[in-house]
Structure formats: structure tokens, C-alpha cells
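Coordinates in review
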Amino acid sequence: MYILRSFSELELQTPLAHKSTPMAQKVKNKKNKKQVPPKKANNGAVTWPDLPQILVDIIAKQPALMQDISYGGLTKLCRSPPSKCNPNNFTPPCLQLFDEINVNSDENYVEPNLNVSFHRRWFWYWYFSRWARPPVRSYWKHYVGFSNEAIVAKGNTFSDPKSSELVYLWYPVDGYSFSRLPEWDERIPFTRVVVSSSARYLSNKNRTTVMVLTGTSHPAFVFYQLRGEGRREWVKQDCTLTEPHCSMKSEGKHFMTFTNAIGFNGRFYVLSLQGTLAVIDATDSYPRITTISSERAVPSVLPKHFREYLLESEGNILLVFLISRRSIKVVDDVEVFQLNTAKLSWVRMASLGDRALFLGTNCCMSVSASRVGCRSNCVYFTYHTADGWWVFDMEKSCISPGWSDAATTSPVWTAPIQEE
């Protein structure tokens with residue numbers, strides 16, 4: 001069953017003045033930028049997580065690292081508005097989603113297969129035991145997403161005739177613990193699934209809400225109360241809030257549509273297609289937008305297109321951009337921002353300290369470099385149009401070749417890994 005509600009201008013608890021504010025006033029001159037060259041199409045199987053194999057092996061032995069994994073990125077194309085919109089003043093470009101799969105005619109979209117098993121600690125009433133830990137393997141065929149320690153998967157391996165239509169939250173750190181979500185209406189777009197807080201059986205008994213982004217405004221969100229008081233059914237929410245950063249004024253009124261999100265401390269932080277950040281309070285029976293930001297979440301200098309990632313790192317929300325200034329097939333810059341949750345403003349980061357970020361196509365992750373043995377203060381990324389992994393050094397502000405998983409060794413992994 002579905003219940004329909006609507007977000008409107010009157011539902012905002014803290015209305016803010018909308019203005020297009022750059023996320024960074026100053027940008028350092030980039031030196032020794034090394035562009036990432038294009039790669040040939042790969043028609044092989046798609047697996048999750050598409051992180052470096054050496055890191056996947058570490059996660060299998062240290063499943064607590066799973067909590068640092070987030071969704072993969074999405075790519076936005078900067079579309080310049082016609083001059084008649086505002087011929088005398090600069091008008092920020094309108095953004096649209098860029099479909100990388102259809103651009104490459106040799107590739108067809110395939111839902112990623114789960115291709116990782118996890119060692120675990122057996123749970124007893126009084127202690128965790130380290131002995132007799134066979135790997136935990138997946139009961140599900142396809143990966144959909146990942147949020148707050150839960151893998152979103154569908155297509156179980158049981159004898160359920162509707163298995164391809166059913167969606168599950170699987171908590172691999174707890175072994176075979178999982179939650180089945182209500183049957184989904186296939187007429188509603190299903191783009192991203194985000195959990196407000198950890199929903200693991202062993203870690204949370206409080207209210208936990210599941211949110212689905214549809215990529216449209218009617219409905220914009222679909223909610224489900226996984227734990228706590230509330231209806232055990234999908235609740236649809238329309239959004240009639242006007243997009244403050246839509247530059248195509250001649251096209252009339254635009255409602256906000258949301259394409260990216262992260263669950264953090266019981267709230268949802270959602271980014272609209274045009275880069276407006278909204279906060280949704282998930283602690284009420286009927287989640288609602290409480291605040292929207294006044295600045296736009298875009299790179300400091302708008303390129304032809306960019307890929308954005310939202311992830312959590314050491315208790316902070318990070319927004320990372322892989323930037324293509326000249327060609328949509330080349331990544332030539334990386335920018336990292338941290339969210340000031342009190343002011344809803346993005347602060348440009350100059351250093352990651354001991355952290356390192358890994359940006360794949362279907363997931364991303366923040367890790368302690370000293371814990372996993374890679375080089376710190378770096379952003380490691382792969383891309384649809386680039387072979388292997390590339391490294392952006394935050395201190396030197398340069399991009400260099402990393403490695404290929406086909407190689408037996410990696411030049412950036414230097415320290416031995418010890419299992420927990």
C-alpha cells in the first residue's frame with residue numbers, strides 16, 4: 001500500500017533566502033595536472049564493490065570497514081542556458097544527468113553481481129568468538145546500493161517466484177541478518193535507496209527510516225519505517241518546492257528533483273539535480289524537509305561535466321567532484337568539500353590527513369590509510385573512460401597513474417595488512 005503526501009513551500013521549518021553562491025571563493029592554481037586518458041569499452045561482468053581487489057580482500061577480513069562504504073557517484077553535464085534568458089548578466093548553467101552507459105554504444109547496463117564474501121565473528125549472548133568463522137556469502141544476485149552498513153540487494157537465490165522484484169537490506173557484518181522491504185510499484189522510478197541510520201539488528205533498536213529517491217518531483221521520495229513507531233508501508237512524498245538554482249527561467253517553474261543522498265545521524269541530506277542541499281528529518285512519523293541550503297553544490301569552476309560522490313568520513317559528510325574541464329572523456333581535477341551541518345555550507349578541504357578516499361563507479365569509501373596500508377591524503381579513483389586506478393595527491397594537487405587490478409602489486413600499498 002502507498003500513502004501520498006506532498007512537500008510544499010509551507011512545510012519548510014527554516015526558510016532560507018535562495019542565491020547562487022560559489023562553494024569556494026578561491027581556487028589554487030593547479031600544477032602538473034596529468035589528465036586521465038580514455039579507455040576501451042569493457043564488456044566483462046560488472047561486480048560490486050568495484051574497489052581495488054586488494055582493498056576488497058581487506059574488507060572481507062575486516063568487515064567493520066563496511067560502515068565506511070557509500071553509494072557510487074553520478075555524472076552531471078553542464079548545459080549553458082540560451083542568451084535570451086539573461087543576456088546582460090551571467091546565468092549559472094543548468095545541470096542534467098549524463099548517461100555514460102548509453103554514450104558508449106558497446107556497453108549495455110548490467111546490474112552488478114555481488115562478488116565478495118565476509119569473514120565474521122559468531123555472536124553469542126556473552127561474547128564474540130574469533131574461531132570457526134566461515135565466510136558469509138550472499139543470498140542475493142544483484143547489488144542495488146549501499147547505505148549505513150546495509151547492502152541493498154534484490155533477486156534472492158531462494159525458490160521465490162517474485163525474487164527478482166523483491167528488495168532486501170542485508171547486513172553482512174551480522175552474517176545472514178536481513179530485512180525484506182515491501183513490494184515495490186514498478187511504475188515508480190527506483191534510483192537510490194538510503195537508510196537514515198544503521199539498521200543492523202545488533203546496533204540499533206531506534207527509529208530507522210528507508211528513503212527511495214525517484215529522480216522526479218511527483219513523487220520525489222518514498223519512505224518506509226523500518227524500525228520504531230510508524231506505518232509498515234511505503235509513503236510517497238511529492239515535492240512542490242521551486243528549484244532555486246534552475247537557470248532556465250524561460251522554461252517556467254521547476255520543482256526540485258533529487259538525485260543524490262546520504263543518511264547521517266538520523267537525517268537525510270539530499271542533493272537536487274541542480275546542486276541544492278535539503279535536510280529531511282527522519283525522526284518523525286512523516287519525514288519532511290526542514291531546511292534547504294542557499295549555496296549551490298558544484299565545483300569551484302564549472303566544467304563541461306563532473307562526477308559527484310557523497311560519503312561519510314570520520315563523522316563528517318564529504319562531497320567529492322571528479323572534474324572534466326575540457327573533454328567528457330578526461331578527468332583533470334579533483335575537489336573535496338566537507339559539509340558544515342550547522343550552516344549547511346560546503347568547505348573546501350586542503351588535506352585529508354591520514355584518510356584516503358576510493359571512488360569507484362558503483363561505490364565509494366573513506367579509509368584510514370595507516371589501517372589498510374595505502375598512501376594517505378590521496379583520492380584514488382577509476383572512471384568509465386579510464387583504465388585502472390588513478391591517484392590524486394591532495395598535497396601536490398596532481399593526478400598520476402595508479403595501478404591495474406590485473407597487476408600483481410600496487411605501488412601505493414606499502415605496509416603489510418594485519419587481520420583484526
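Not measured: the values here are computed from a predicted model.

What follows covers the overall build of the chain. A count of helices and strands for the chain gives three helices and 29 strands. Buried residues in the chain amount to 54% of all 420 residues. Pairs at least 24 residues apart make up 55% of the contacts formed inside the chain by residues separated by at least 6 positions.

Turning our attention to the pattern of salt bridges. A full pass over the atoms with the stated rule returns five salt bridges. Ionic pairing is found between R348 and E335, a salt bridge with its closest N-O pair at 3.8 Å. Here the residue R348 occupies a position in strand β24 (residues 345-348), and E335 occupies one in strand β23 (residues 333-340), the gap between them amounting to 13 residues. R348 sits in the partly exposed class, given a relative accessible area of 24%.

Turning our attention to the confidence of the model for the chain. Across the chain, the average pLDDT comes to 76, with 64% of residues at 70 or higher. Confidence over residues 9-22 falls short of pLDDT 50; this stretch has 36 contacts with residues more than four positions distant or in other chains. Low pLDDT, under 50, characterises residues 120-134; the predicted model gives this stretch 25 contacts beyond four residues in sequence or across chains.

Here S196 shows up in the loop between β13 (192-195) and β14 (208-213). By relative accessible area, S196 is classed as buried at 1%. Leaving out residues up to four positions away in the same chain, S196 has contacts with N148, R207, T208, T209, G263, F264, N265, G266, R267, F268 and A282.

Bringing the packing of aromatic side chains into the picture now. What characterises a pair of aromatic rings is the spacing of the ring centres plus the angle enclosed by the ring planes. Here the structure, examined in full by the defined rule, presents 13 aromatic pairs. With a centroid separation of 5.0 Å and an interplanar angle of 90°, the aromatic rings of W184 and W234 are classed as edge-to-face. Of the two residues, W184 sits in the loop between β12 (178-180) and β13 while W234 sits in strand β16 (residues 234-239), which places them 50 residues apart along the sequence. One exposure class covers both W184 and W234, and it is buried. Seen from their ring centres, F358 and W389 are 6.3 Å apart, and the 65° between their planes marks the pair as edge-to-face. Taken together, the residues F358 in strand β25 (residues 355-359) and W389 in strand β28 (residues 386-393) connect sequence positions 31 residues apart. The exposure class assigned to F358 is buried, which follows from its relative accessible area of 0%. In this structure an aromatic cluster arises from ring pairing among W184, F190, Y224 and W234.

Sheet architecture is open: four strands sit in the order β17-β18-β19-β20, paired in antiparallel fashion. A strand with exactly one partner marks an edge of an open sheet, and here the two such strands are β17 (258-264) and β20 (288-296). Adjacent strand axes in the sheet meet at a mean angle of 20° when their direction is disregarded. Here five bridges tie strand β19 (residues 276-281) to β20, and the two strands are oriented antiparallel to one another. Opposite V279, over in β20, you have T291 as the bridge partner.

The set of residues buried in helix α1 (residues 53-61) consists of L55, V56, I58, I59 and A60. In this fold, the buried residues of α1 make contact with β3 (69-71), β25, β26 (363-368) and α3 (369-372).

Here we take up the sheet that holds strand β21 (residues 305-313). Within a sheet, neighbouring strands are paired by backbone hydrogen bonds and run either parallel or antiparallel to one another. Spatial ordering of the open sheet is given by β5-β4-β21-β22-β23-β24, a layout of six strands whose pairing is antiparallel. Looking at strand neighbours, the two that pair on one side only are β5 (94-97) and β24, the edges of this open sheet. Going from strand to strand, the sheet's axes swing by 35° on average, the running direction of each strand aside. Sheet topology places β23 next to β24; four bridges connect them, and they run antiparallel. Paired with L339 across the strands is W346, a residue of β24.

This paragraph deals with the environment of D50. Secondary-structure assignment places D50 in the loop between β2 (47-48) and α1. When the C-alpha atoms of D50 and T382 are compared, they prove to be 9.1 Å apart, with 332 residues separating the residues in sequence. Beyond its immediate sequence surroundings of up to four residues, D50 is in contact with G360, T361, N362, C363 and W389. Looking at D50, its side chain comes within polar contact range of the side chain of T361, at 2.3 Å.

By the definition in use, this model includes three cavities of 30 Å³ or more. Computed from the structure, the largest cavity encloses a volume of approximately 160 Å³. In terms of lining, the largest cavity is formed by 17 residues, of which the most central are I69, S70, S147, N148 and I262. Elements with a contribution of two residues or more to the lining of the largest cavity: β3, β9 (140-147), β13, β17 and β21. The biggest single contributor to the lining of the largest cavity is β17, with four residues.

Here is what the cut-offs are and how they apply
- Residues numbered from 1 in each chain as written.
- Predicted model: local features only at pLDDT ≥ 70, side-chain atom pairs only at ≥ 80, totals over all residues.
- Heavy atoms only, no water.
- Helix = DSSP H or I, 4+ residues; strand = E, 2+ residues; numbered from the N terminus.
- Buried < 20%, exposed > 50% of the residue type's maximum accessible area, 1.4 Å probe, protein only.
- Contact = heavy atoms within 4.5 Å.
- Salt bridge = Lys/Arg side-chain N within 4 Å of Asp/Glu carboxyl O.
- pLDDT = per-residue confidence, 0-100.
- Phe/Tyr/Trp six-rings, centres within 6.5 Å; stacked < 30°, edge-to-face > 60°.
- Pairing = 2+ DSSP bridges.
- Axes fitted to C-alpha atoms, helices over the stretch in contact; angles between N-to-C directions.
- Polar contact = N/O pair within 3.5 Å; in protein donor to acceptor, adjacent residues only side chain to side chain.
- 1 Å grid on protein atoms, 1.4 Å probe; cavity = no way out; pocket = protein on both sides within 12 Å on 5 of 7 lines; lining within 4 Å.
- Points joined across faces, edges and corners; volume = space filled by probe spheres on them.

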